[in-house]
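Tertiary structure, described
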Amino acid sequence: MNNIAVFGTASDVGKSVIATALCRIFRNAGVDVAPFKAQNMSNNSGVTPDGLEIGRAQVAQAEAARVVPSADMNPVLLKPNTDIGAQVVLQGRAVANRSAREYFGDTSRWREAAFESLRRLDAKHEMLVLEGAGSCAEMNLYERDFVNFKSAREADAAVILVADIDRGGVFAQVVGTMALLPEEDRARVAGVIVNRFRGDASLFLDGIRILEERSGVPVLGVVPYFRGFSIAAEDAVPLQSVVDPVGVPDSRKISIAVLYFPHISNFTDLSVFDHEERVEVHYLHRPRSLDGYQALVLPGSKNVRGDLHWLTDKGWATRIAAFRETGGVVVGICGGYQMLGRMVADQHGVEGEPGEDEGLGLLDVETELLREKTLCNASGVTCSGGLAVHGYEIHMGETRLCEGVDPFLKVDLRNNVEVSALDGAKSVDGKVFGTYFHGVFDGAVFREWFLKSLDAGYVPAAEPYDREQAYDLLADHVAEYLDMELLLSIAGHSEAVE
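To keep things clear, this report deals only with the structure shown in the data block. (Residues numbered from 1 in each chain as written. Predicted model: local features only at pLDDT ≥ 70, side-chain atom pairs only at ≥ 80, totals over all residues. Heavy atoms only, no water.)

**Structural notes on the overall build of the chain**
Looking only at helices and strands, the chain has 14 helices and 26 strands in total. Compactness check: the chain gives a C-alpha radius of gyration of 23 Å against a globular reference of 23 Å for 498 residues, within 12% of the reference. Each principal axis of the C-alpha atoms in the chain carries an extent, and together these give about 70 × 50 × 45 Å. Buried residues in the chain amount to 57% of all 498 residues. Nonlocal contacts in the chain, meaning residues at least 24 apart in sequence, comprise 73% of its contacts between residues at least 6 apart. Element-wise, carbon and sulfur atoms account for 49% of the exposed surface of the chain, whose accessible area totals about 20,700 Å². (Helix = DSSP H or I, 4+ residues; strand = E, 2+ residues; numbered from the N terminus. Rg over C-alpha atoms; globule rule 2.2 N^0.38 Å. Buried < 20%, exposed > 50% of the residue type's maximum accessible area, 1.4 Å probe, protein only. Contact = heavy atoms within 4.5 Å. Areas by Shrake-Rupley, 256 points an atom, 1.4 Å probe, with all protein chains shown as cover.)

**Points about the packing of helix α1 (residues 15-28) against helix α2 (residues 56-65)**
One can describe the packing of α1 onto α2 by two numbers: an axis separation of 7 Å at closest approach and a directional angle of 20°. Viewed along their axes, α1 and α2 adopt a mutual orientation that is roughly parallel. As for the relative orientation of α1 and α2, their crossing is right-handed in sense. Two secondary-structure elements touch here, α1 through Ser16, Ala19, Thr20, Cys23, Arg24 and Arg27 and α2 through Ala57, Ala60, Gln61, Glu63, Ala64 and Ala65. (Axes fitted to C-alpha atoms, helices over the stretch in contact; angles between N-to-C directions. Parallel < 35°, antiparallel > 145°, perpendicular 65-115°, else oblique. Left-handed = near helix turned anticlockwise from the far one by under 90°.)

**Digging into the environment of Leu340**
Residue position: Leu340 is located in the loop between α11 (335-339) and β19 (343-346). For Leu340, a relative accessible area of 0% gives the class buried.

**Side note on the pattern of salt bridges**
In a structure, side chains of opposite charge can pair up when their charged atoms sit close to one another. Inspection of every chain in the model, using the stated rule, returns 32 salt bridges. Where Asp12 meets Arg167, a salt bridge forms, and the shortest distance between an N and an O atom there is 3.9 Å. Taken as a pair, Asp12 in the loop between β1 (3-8) and α1 and Arg167 in the loop between β10 (157-164) and α6 (170-180) lie far apart in primary sequence, 155 residues in all. The class for Asp12 is partly exposed, based on a relative accessible area of 27%. Residue Arg167 is classed as partly exposed on the basis of its relative accessible area, which comes to 43%. Of the charged contacts in the structure, one is a salt bridge between Arg188 and Asp156, with a shortest N-O distance of 3.3 Å. With Arg188 in the loop between α7 (183-186) and β11 (189-197) and Asp156 in the loop between α5 (149-155) and β10, the pair connects residues that are 32 residues apart, well separated along the chain. The class for Arg188 is buried, based on a relative accessible area of 16%. The partly exposed category is assigned to Asp156, whose relative accessible area is 39%. When salt bridges with common partners are traced through the structure, they connect Asp12, Asp164, Arg167 and Arg196 into a single cluster. (Salt bridge = Lys/Arg side-chain N within 4 Å of Asp/Glu carboxyl O.)

**Section: the packing of aromatic side chains**
Aromatic ring pairs are defined here through the distance separating the ring centres and the angle between the ring planes. With the rule as written, the count across this model stands at 19 aromatic pairs. On the basis of an interplanar angle of 50° and a centroid distance of 5.8 Å, the ring pair of Phe197 and Phe204 is categorised as tilted. For Phe197, a relative accessible area of 10% puts it in the buried group. Judged by relative accessible area, which is 8%, Phe204 ranks as buried. Their ring planes at 40° and their centres at 5.3 Å tell us that Phe446 and Trp449 sit as a pair that is tilted. Placement of both Phe446 and Trp449 in helix α12 (residues 444-454) is noted, with a separation of three residues, approximately one turn of the helix. (Phe/Tyr/Trp six-rings, centres within 6.5 Å; stacked < 30°, edge-to-face > 60°.)

**Considerations on the side chain of Gln173**
Locating Gln173 in the fold gives a position in helix α6. A polar contact of 2.6 Å, which involves the side chain of Gln173, links it to the side chain of Thr9. With near-sequence residues (within four places) excluded, Gln173 lies in contact with Thr9, Val13, Ala163, Asp164, Arg167 and Gly168. (Polar contact = N/O pair within 3.5 Å; in protein donor to acceptor, adjacent residues only side chain to side chain.)

**A short note on empty space enclosed by the protein**
Gaps between atoms show up when a probe of the same size as a water molecule is rolled over them. Under the criterion given, the structure shown has two cavities of 30 Å³ or more. Taken as a whole, the largest cavity spans an internal volume of roughly 140 Å³. In terms of lining, the largest cavity is formed by 17 residues, of which the most central are Ser301, Lys302, Cys334, Ile394 and His395. Every element with two or more residues in the lining of the largest cavity is listed here: α11, β21 (365-382) and β22 (388-401). Among the elements that line the lining of the largest cavity, the one with the most residues is β22, at four residues. Split by residue class, the lining of the largest cavity holds five nonpolar, eight polar and four charged. (1 Å grid on protein atoms, 1.4 Å probe; cavity = no way out; pocket = protein on both sides within 12 Å on 5 of 7 lines; lining within 4 Å. Points joined across faces, edges and corners; volume = space filled by probe spheres on them. Nonpolar A, V, L, I, M, F, W, Y, C, P; charged D, E, K, R; others polar.)

**Here we look at the packing of α1 against helix α13 (residues 467-480)**
Describing two packed helices takes the angle between their axes plus the distance from one axis to the other. Remark: α1 packs on α13, axes separated minimally by 8 Å, with the N-to-C direction vectors making an angle of 95°. It follows that α1 is roughly perpendicular to α13 by the angle criterion. Here α1 contributes Val17, Ile18, Thr20, Ala21, Arg24, Ile25 and Asn28 to the contact with α13, which in turn contributes Glu468, Tyr471, Asp472, Leu474, Ala475, Val478 and Ala479. Tallied by class, residues from the contact of α1 with α13 come to nine nonpolar, two polar and three charged.

In structure tokens form, the structure reads like this:
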């Protein structure tokens with residue numbers, strides 16, 4: 001078996017990060033490797049160079065593997081737009097909206113497309129690193145689940161279980177998972193990674209012995225908790241632990257508030273600020289005072305009208321208006337941009353019941369949601385100052401600027417095709433602006449301009465964040481604590497040396 005599948009004993013055990021690390025580890029060992037996740041449920045998505053949509057985690061894994069991201073790496077993407085429903089993106093294109101009951105009633109269509117993609121990838125690359133979803137032993141869904149062991153069987157992949165010791169119960173996680181698995185699938189499990197360990201690892205030597213005796217498989221390593229790197233989050237689960245922080249903004253820093261919508265999407269647009277020592281970002285869900293914040297960001301949303309209702313019902317709309325009146329900077333990205341306008345209309349029921357709603361009225365624009373999704377990588381310059389901007393667009397709507405409103409960006413390239421277009425809008429005083437460009441803050445030039453507009457004394461870090469370096473740091477950290485000889489043997493690449 002030349003392929004490896006990284007499965008979790010539960011959700012959010014770190015399997016996405018481990019899979020990303022393995023992509024870079026094997027690439028550094030000279031193996032032509034590519035990532036694959038049959039089905040992803042996430043509103044954090046990205047655009048491939050050929051204009052197709054996949055999960056951000058698979059974009060990151062492709063970058064770690066140093067290969068071009070493709071729709072085959074994440075052939076089924078579920079983008080939740082209600083508590084019980086999601087938009088289905090199949091091999092890069094939105095094809096349907098389905099309730100959970102409708103989707104899981106018959107998964108054969110999605111499975112066949114996913115395995116078609118898997119076979120194409122397998123033919124192109126020397127090795128695949130598959131990522132599972134949630135717990136790989138959810139027995140009530142086992143026969144309908146094609147993301148975990150059905151994918152492993154199709155790829156003839158050896159399975160590595162990832163367990164999170166930080167949350168406790170690691171023995172039950174591993175031993176319980178192994179006990180539940182059918183014999184055919186249990187035989188595929190080749191090892192266990194104990195993730196997010198804190199403290200003295202020598203005190204867990206007995207733990208390793210017990211895990212190996214009870215599970216019947218070797219422990220490949222105990223990976224300590226490490227904050228020295230940062231990669232794109234797969235979904236909003238990790239974010240939930242930092243929402244609504246206690247305390248007030250730090251007066252010594254540039255403080256940015258980000259609204260945590262019920263249907264938040266692509267919050268990774270703000271991740272780059274994690275690497276700015278003088279910047280703090282607070283994700284806010286419960287209404288609170290915005291005193292002390294220099295900027296407020298409305299991020300993407302998978303249900304714009306639903307989240308507009310939430311803003312109004314919770315009292316956020318009033319607080320946003322007050323923040324604007326006192327001179328605060330308000331930024332909207334994609335769905336957040338649409339909310340800043342006068343009106344959002346959804347006559348086709350793209351994101352829910354057909355209808356229209358008033359927006360926040362901070363920008364004189366109007367949005368209509370359409371059936372066709374815009375997907376592209378794009379670049380351009382700001383209309384004021386000509387600052388270079390790069391990003392990607394993923395949206396179901398078109399926004400019309402009313403008379404007298406200035407656009408924010410001049411777009412000159414979409415999916416490597418020259419265009420002459422405009423994007424976004426800005427207020428007369430420049431304190432409010434919106435754009436469809438996800439990743440707008442990733443570019444150092446635009447980010448520096450934005451932060452200096454909030455604090456004239458801002459000085460960029462001497463060593464800016466380097467994403468390539470982050471992948472290497474992650475790979476080095478994980479490899480240090482794994483039995484690399486055993487891992488390479490499991491993957492059928494014993495000859496590979498770094």
